[in-house]
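What follows is the residue order along each chain.
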Amino acid sequence: MLSKLLKYELKATGRIFLPLFLALLMFAGITRFIAPIGPEEWAAPATISMIIYIIILVGMFVMTFIMMIQRFKNNLLSDEGYLMHTLPVKPWKHIVSKLFVSMLWIVASGIVALISILIITLEKGRLTKIAVGFADLYHQAFEQLGASIYLLSFEIILGILVSLASVILIVYASIAMGHLFNQHKMLASFGAFIILSTLSQLLFTLISMTPGIAYFFNLHISSPNDFAAIQAVILAIAYGIIFTGILCSAYFAVTNFILCKRLNLE
Amino acid sequence: MSTILECTDLTKKFGSKVAVSAVNLKIERGQIVGLLGPNGSGKSTMIKLANELLTPTSGTILIGGKKPGIETKKIVSYLPEKTYLNDWMRVHQIIGLFSDFYADFKPERAYEMLKSLSINANDRLKTMSKGTKEKVQLILVMSREAELYLLDEPIGGVDPAARDYILQTILRNYNENATVIISTHLISDIENILDYVVFINQGQVVMTSSVDDIRNEKGKSVDGLFREVFKC
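Now for a look at the structure at hand. Owing to the predicted nature of the structure, the values given are computational and were not obtained by experimental measurement.

## Topic: the overall build of chain B
Turning to step 1, where the next piece is worked out: From N to C terminus, chain B includes 9 helices and 9 strands.
Turning to step 2, where the next piece is worked out: For 232 residues, the compact-globule estimate of 2.2 N^0.38 gives 17 Å, and chain B sits close to it at 17 Å.
Turning to step 3, where the next piece is worked out: Considered along the principal axes of its C-alpha atoms, chain B spans approximately 50 × 35 × 35 Å.
Turning to step 4, where the next piece is worked out: Relative to its full complement of 232 residues, chain B shows a buried share of 53%.
Turning to step 5, where the next piece is worked out: Put simply, of all contacts in chain B between residues at least 6 apart along the chain, 68% involve residues at least 24 apart.
Turning to step 6, where the next piece is worked out: When the 29 positive and 28 negative side-chain charges of chain B are each reduced to one mean point, those points stand 6 Å apart.

Below you can see the structure in the form of structure tokens.
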């Protein structure tokens, strides 16, 4: 059932994002071709195409944010919820399918933005230069840090994904909590968001103030050699991932509880 | 006959407003039941409670002996009073969605009914009138072989000719063990197909009776009795 939900979620969102991606790449291409042609008579079209490109770029990221909220609020808590919640599907699957698809589009938007920037700025031979640069960086890093470079890269990617999930889930939890109110649901959602983020911040401060952890970090980060320092960084990121993961589970649990036990569609 | 729907002290409040008040009700399988009452009497609220779209304030509602959940959603086919379909989808895509999620959905039945009502399966819902959308929803709901159909105002927005077709469709598609609960205030239109009626007013069940009893013992039509009970 989860795969079917994912399929429909992708269909519902893809029809917005794929044309946006295409438009972005197209205007990146147009800007790229017009710009270098040269003297003044081409300046205006190049500027216009550049402006359109930037508008689409910004619009794309705004859209990922709007879609994240809309798909949850409209599809699950408004009229469309009458269909979604009468399908024989457990609510957590609805949350997971929306979360995954939202994450997918945010990551995809980032990648497409990067490609479009490359299209505009790339000159002949630059790509190989960049590749060589990356290879150099990798070799240097490997020499200094050894195999822990893999661990670090893995952690960074995982960290980005978990942070992304936590941002989306705190929004879901806020919308769901706003739904508990009979009136002013939007306002209540904003309030819930502020309360949830304050609580999370407080929890983070509390944890980092725990004597053991503070002592531990001081010890490692002040170590003289690079290797020990990188170990400390790896450990710090790991703690961060675990902490963010716990927050994610809490937001998820709140959202799921409300959808399961406190659903009240008007 | 076994019970398909059972409410025990079922209560639902919205803030201080009581929408359903301590309702006790048992509906047996294999009949067409009219859930009849004036506007705002709690008909939709009861049906939504049965679909887990609302959470009861107190009391219980059981469908086939189970609390509303995944298992009951597999056997309940629900027509809400509002349009719940995505505007951007085409009719055949929605039929695909229903086939994907409901094991008891019969797509061939849906296509046949679409044809009878001259609705093009390639049309997007966005381009349809409100009445046509309602027809599409009813077709989807009646194309399932469910044990319980909960139809909330199924004929409110459609023209009389389509109304007749829809009632015929309900009659034709419903098998011996299935139960159909129709909520409406348009009684005279559906009176002829009802076996049993539940009168509801201000969140309370005022009267339950078989239609035969109303006709034989009281010598009245359901519509006549309704007007008498709910006289303003």
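On we go from here.
## A word on the overall build of chain A
Turning to step 1, where the next piece is worked out: When you go through chain A residue by residue, the secondary structure sums to 9 helices and 0 strands.
Turning to step 2, where the next piece is worked out: Starting at the N terminus and ending at the C terminus, chain A contains elements arranged as α-α-α-α-α-α-α-α-α.
Turning to step 3, where the next piece is worked out: Expected size for 266 residues packed as a compact globule is a radius of gyration near 18 Å; at 23 Å, chain A overshoots this value by more than 25%.
Turning to step 4, where the next piece is worked out: Projected onto the principal axes, the alpha-carbon positions of chain A cover approximately 60 × 55 × 35 Å.
Turning to step 5, where the next piece is worked out: When burial is assessed residue by residue, chain A has 38% of its 266 residues classed as buried.
Turning to step 6, where the next piece is worked out: Put simply, 79% of the contacts in chain A that link residues at least 6 apart link residues at least 24 apart.

## What about the sheet that holds strand E5 (residues 76-79) of chain B?
Residues and elements named next belong to chain B.
Turning to step 1, where the next piece is worked out: Spatial ordering of the open sheet is given by E5-E6-E7-E3-E8-E9, a layout of 6 strands whose pairing is mixed. A strand with exactly one partner marks an edge of an open sheet, and here the two such strands are E5 and strand E9 (204-210). Taken pair by pair, the neighbouring strands of this sheet meet at an average axis angle of 15°, ignoring direction.
Turning to step 2, where the next piece is worked out: Where strand E3 (residues 32-36) lies against strand E7 (residues 179-184), 5 bridges are found, and the strand directions are parallel. Within E7, the position partnered with Leu36 by the bridge is Thr184.
Turning to step 3, where the next piece is worked out: Sitting on the sheet, helix H1 (residues 43-50) touches E3, E5, strand E6 (148-152), E7 and strand E8 (196-201), and the angle it makes with E6 is about 145°.
Turning to step 4, where the next piece is worked out: Across the sheet, helix H5 (residues 130-142) is in contact with E5 and E6; its angle to E5 comes to roughly 175°.

## Considerations on the layout of surface pockets
Turning to step 1, where the next piece is worked out: Volume-wise, the largest pocket comes out at about 490 Å³.
Turning to step 2, where the next piece is worked out: Forming the walls of the largest pocket are 23 residues, and the residues nearest its centre are A:Cys260, A:Lys261, B:Glu52, B:Lys67 and B:Pro68.
Turning to step 3, where the next piece is worked out: Looking at the lining of the largest pocket, the elements that each hand over two or more residues are helix H4 (91-121) and helix H9 (226-261) of chain A together with strand E4 (58-63) and helix H2 (70-75) of chain B.
Turning to step 4, where the next piece is worked out: Of the residues contributing to the lining of the largest pocket, the split by class is 11 nonpolar, 6 polar and 6 charged.
Turning to step 5, where the next piece is worked out: The two domains that each donate at least three residues to the lining of the largest pocket are domain 1 (1-122) and domain 2 (145-266) of chain A.
Turning to step 6, where the next piece is worked out: Together, 13 residues line the second largest pocket, and A:Ile69, A:Val171, A:Ile175, A:Met186 and A:Phe190 are the ones closest to its centre.
Turning to step 7, where the next piece is worked out: Elements that contribute at least two residues to the lining of the second largest pocket include exactly helix H2 (43-77), helix H6 (148-179) and helix H7 (185-209) of chain A.
Turning to step 8, where the next piece is worked out: Grouping the amino acids of the lining of the second largest pocket by side-chain chemistry returns 8 nonpolar, 4 polar and 1 charged.

## Quick notes on empty space enclosed by the protein
Turning to step 1, where the next piece is worked out: The tally for this structure, following the rule as stated, stands at 4 cavities of 30 Å³ or more.
Turning to step 2, where the next piece is worked out: Taken as a whole, the largest cavity encloses approximately 120 Å³ of empty space.
Turning to step 3, where the next piece is worked out: A:Tyr8, A:Arg71, A:Met84, B:Asn86 and B:Leu97 are, among the 14 residues lining the largest cavity, the residues nearest its centre.
Turning to step 4, where the next piece is worked out: Elements with a minimum of two residues in the lining of the largest cavity: helix H1 (2-34) and H2 of chain A together with helix H3 (91-101) of chain B.

## Describing a negative patch on the surface
Turning to step 1, where the next piece is worked out: A cluster of acidic residues, B:Asp195, B:Asp212, B:Asp213 and B:Glu217, forms a negative patch at the surface.
Turning to step 2, where the next piece is worked out: Position of B:Asp195 among the secondary structure elements: in the loop between helix H7 (187-190) and E8.

## Structural notes on the environment of B:Leu49
Turning to step 1, where the next piece is worked out: Mapped onto the elements of the fold, B:Leu49 is located in helix H1.
Turning to step 2, where the next piece is worked out: Sequence-distant contacts of B:Leu49, defined by excluding residues within four places in its chain, comprise B:Leu10, B:Lys12, B:Val20, B:Leu54, B:Thr55, B:Pro56, B:Ile61 and B:Pro68.

## Digging into the packing of H1(A) against H4(A)
For any two helices packed against each other, one specifies the crossing angle of their axes together with the interaxial distance.
Residues and elements named next belong to chain A.
Turning to step 1, where the next piece is worked out: For the pair H1 and H4, interaxial distance at closest approach is 9 Å and the crossing angle is 15°. Looking at the two axes, H1 sits roughly parallel to H4. Considering only the axes of H1 and H4, their crossing is right-handed.
Turning to step 2, where the next piece is worked out: Looking at the contact of H1 with H4 residue by residue, the classes come out as 21 nonpolar, 9 polar and 4 charged.

## Topic: the pairing of E6(B)
Residues and elements named next belong to chain B.
Turning to step 1, where the next piece is worked out: Buried residues dominate E6, accounting for 5 of its 5 residues.
Turning to step 2, where the next piece is worked out: Burial along E6 is two-sided: Leu148, Leu150 and Asp152 and Tyr149 and Leu151, pointing in opposite directions, are all buried.
Turning to step 3, where the next piece is worked out: As defined by bridge partners, E5 adjoins E6 across 4 bridges and the pair is classed as parallel. In the sheet register, Tyr78 faces E6, and the bridge partner there is Leu150.
Turning to step 4, where the next piece is worked out: The sheet contact formed by E6 and E7 spans 5 bridges and is parallel. Directly across from Leu151, in E7, lies its bridge partner Ile182.
Turning to step 5, where the next piece is worked out: In this fold, E6 hands off to helix H6 (residues 160-173), which returns the chain to E7; that crossover is right-handed.

The rules we used
Residues numbered from 1 in each chain as written. Chains lettered and ligands numbered in written order. Predicted model: local features only at pLDDT ≥ 70, side-chain atom pairs only at ≥ 80, totals over all residues. Heavy atoms only, no water. Helix = DSSP H or I, 4+ residues; strand = E, 2+ residues; numbered from the N terminus. Rg over C-alpha atoms; globule rule 2.2 N^0.38 Å. Buried < 20%, exposed > 50% of the residue type's maximum accessible area, 1.4 Å probe, protein only. Contact = heavy atoms within 4.5 Å. Lys, Arg positive; Asp, Glu negative; His and termini not counted. Charge placed at Lys NZ, Arg CZ, Asp CG, Glu CD. Pairing = 2+ DSSP bridges. Axes fitted to C-alpha atoms, helices over the stretch in contact; angles between N-to-C directions. 1 Å grid on protein atoms, 1.4 Å probe; cavity = no way out; pocket = protein on both sides within 12 Å on 5 of 7 lines; lining within 4 Å. Points joined across faces, edges and corners; volume = space filled by probe spheres on them. Nonpolar A, V, L, I, M, F, W, Y, C, P; charged D, E, K, R; others polar. Domains from an automatic or database assignment. Patch = residues over 30% accessible without salt bridge, like charges linked within 9 Å, V, L, I, M, F, W, Y side chains within 5 Å. Areas by Shrake-Rupley, 256 points an atom, 1.4 Å probe, with all protein chains shown as cover. Salt bridge = Lys/Arg side-chain N within 4 Å of Asp/Glu carboxyl O. Parallel < 35°, antiparallel > 145°, perpendicular 65-115°, else oblique. Left-handed = near helix turned anticlockwise from the far one by under 90°. Right-handed = clockwise from strand over helix to strand, strands pointing away.

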